[in-house]
Amino acid sequence: MSGTGAGSGSGTESAGRGGRLQVGLNGSRGASDGAAVPMSPQALAESALAAVAAGAGEVLVHPRTPCGRESISPRVVGPLLEELRGAGVRVPLAVPASITAEPDPAGRRERVRDWAVLPDRATVSFAEPGACELGLALLARGVAVDAVVPLGGGAGPEPLARFLAWAPADHRRVRLVAELARADPALVAGLRWLPPVPVVLYGREGAAWPVLRLASRCGAGARIGVGEVLHLPDGRPARSNAELVAAAMEITAGTVPAGA
């Protein structure tokens, strides 16, 4: 199961031996979640640089308006990407094209078509309506697609079935990002029968660190950052994304992927 992905930038292959570690800079967090959450474009750029220095090979950032609302408007996405790249972030940059930022499926496609500055990747939730059309719109713009599929918990089979029905013949710019409700190897075992796309595994809150360990054992890509969890593996509050990435690097350093 490969975890390497497309995208510009040099990036470190650092989730186990076969997968890239992506840092989720902010996710759905806000200022009320504490000082570890970067808010301004400048703070996001500084956090990204520190996380990359700690070992992250990709950056996922949720663009926001000055009032804190998630947005995929070209006037928000473009300046943020330029801030990150201008600050020296040289690894692939990803943004979410989600229902949180734009509730209307047609509106999401229109926003993507209007982007003047392009990310390397965009995440598309296949639990949301219009995912298939949005994925095609992104690919048409030259943006690689991270197809997010929830597995376990209350997630039904529909998102995975929708992804399987959509997956284009050219898999080179598509990656499956499985959000696991728990670190259950059985949830991952079924993925080996999917189209030959790279796989990233991640969990949120209490599932974040167990899923990262599972991803490392599988040789898949992984994601960690304040967007997923605010605590270190030992329960202490994380002070930054870089601290979370450093902890992830320590966990994955000695892990031998299955089949190695």
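Residues numbered from 1 in each chain as written. Predicted model: local features only at pLDDT ≥ 70, side-chain atom pairs only at ≥ 80, totals over all residues. Heavy atoms only, no water.

Before going further, it helps to examine the sheet that holds strand 1 (residues 21–24). Read once around its circumference, the closed barrel built from 8 strands follows the order 1-2-3-4-5-6-7-8, with strand pairing classed as parallel. Across the sheet, the mean angle separating the axes of adjacent strands is 25° when strand polarity is ignored. Inspection of the sheet shows strand 1 paired to strand 8 (residues 221–224) by 3 bridges, in the parallel sense. Its bridge partner lying in strand 8, leucine 21 is registered against alanine 222. Strand contacts of helix 5 (residues 158–166): strand 5 (144–151) and strand 6 (174–180), with the helix running at about 150° to strand 5, the strand carrying the most contacts. (Pairing = 2+ DSSP bridges. Helix = DSSP H or I, 4+ residues; strand = E, 2+ residues; numbered from the N terminus. Axes fitted to C-alpha atoms, helices over the stretch in contact; angles between N-to-C directions. Contact = heavy atoms within 4.5 Å.)

Following the criterion strictly, the structure yields 12 salt bridges and no others. With a closest N to O distance of 2.7 Å, arginine 236 and aspartate 234 form a salt bridge. A relative accessible area of 45% means that arginine 236 is categorised as partly exposed. For glutamate 243, the salt bridge is made with arginine 239, and the minimal N-O distance between the two is 3.0 Å. Taken together, the shared-partner salt bridges in this structure form one network comprising Arg20, Glu58, Arg121, Asp146 and Arg175. (Salt bridge = Lys/Arg side-chain N within 4 Å of Asp/Glu carboxyl O. Buried < 20%, exposed > 50% of the residue type's maximum accessible area, 1.4 Å probe, protein only.)

Located in the positive-phi region is glutamate 205, a residue other than glycine, with phi close to 50°. Mapped onto the secondary structure, glutamate 205 falls in the loop between strand 7 (199–202) and helix 7 (208–218).

Turning our eyes to something else, we now look at the packing of aromatic side chains. Per the counting criterion, the structure on display carries 3 aromatic pairs. Relative to phenylalanine 163, the ring of phenylalanine 126 has its centre 5.8 Å away and its plane inclined at 85°; by these criteria the two rings are edge-to-face. With a gap of 37 residues between them, phenylalanine 126 in the loop between strand 4 (121–125) and helix 4 (131–140) and phenylalanine 163 in helix 5 connect regions that are remote in the sequence. Note on phenylalanine 126 and tryptophan 166: the rings are 5.2 Å apart at their centroids and 55° apart in plane angle, and the pair reads as tilted. Taken together, the residues phenylalanine 126 in the loop between strand 4 and helix 4 and tryptophan 166 in helix 5 connect sequence positions 40 residues apart. Across the pair, tryptophan 166 and phenylalanine 126 agree in class, each one buried. Among the aromatic side chains, those forming a connected cluster through ring pairs are Phe126, Phe163 and Trp166. (Phe/Tyr/Trp six-rings, centres within 6.5 Å; stacked < 30°, edge-to-face > 60°.)

What follows concerns the side chain of serine 71. Tracing the backbone shows serine 71 in the loop between strand 2 (58–60) and helix 2 (74–86). A relative accessible area of 5% means that serine 71 is categorised as buried.

Looking now at helix 8 (residues 241–253). Its 13 residues place the ends of helix 8 18 Å apart at the C-alpha level, agreeing with the 18 Å of an ideal helix rising 1.5 Å per residue. Those residues of helix 8 that sit buried are Asn241, Ala242, Glu243, Leu244, Val245, Ala247, Ala248 and Thr252. Summarising the contacts, the buried residues of helix 8 are in contact with strand 1, helix 1 (41–54), helix 7 and strand 8. Residue serine 240 occupies the N-cap position of helix 8, its side-chain oxygen lying 3.4 Å from the main-chain nitrogen of alanine 242. (Expected span 1.5 Å × (residues − 1). Polar contact = N/O pair within 3.5 Å; in protein donor to acceptor, adjacent residues only side chain to side chain.)

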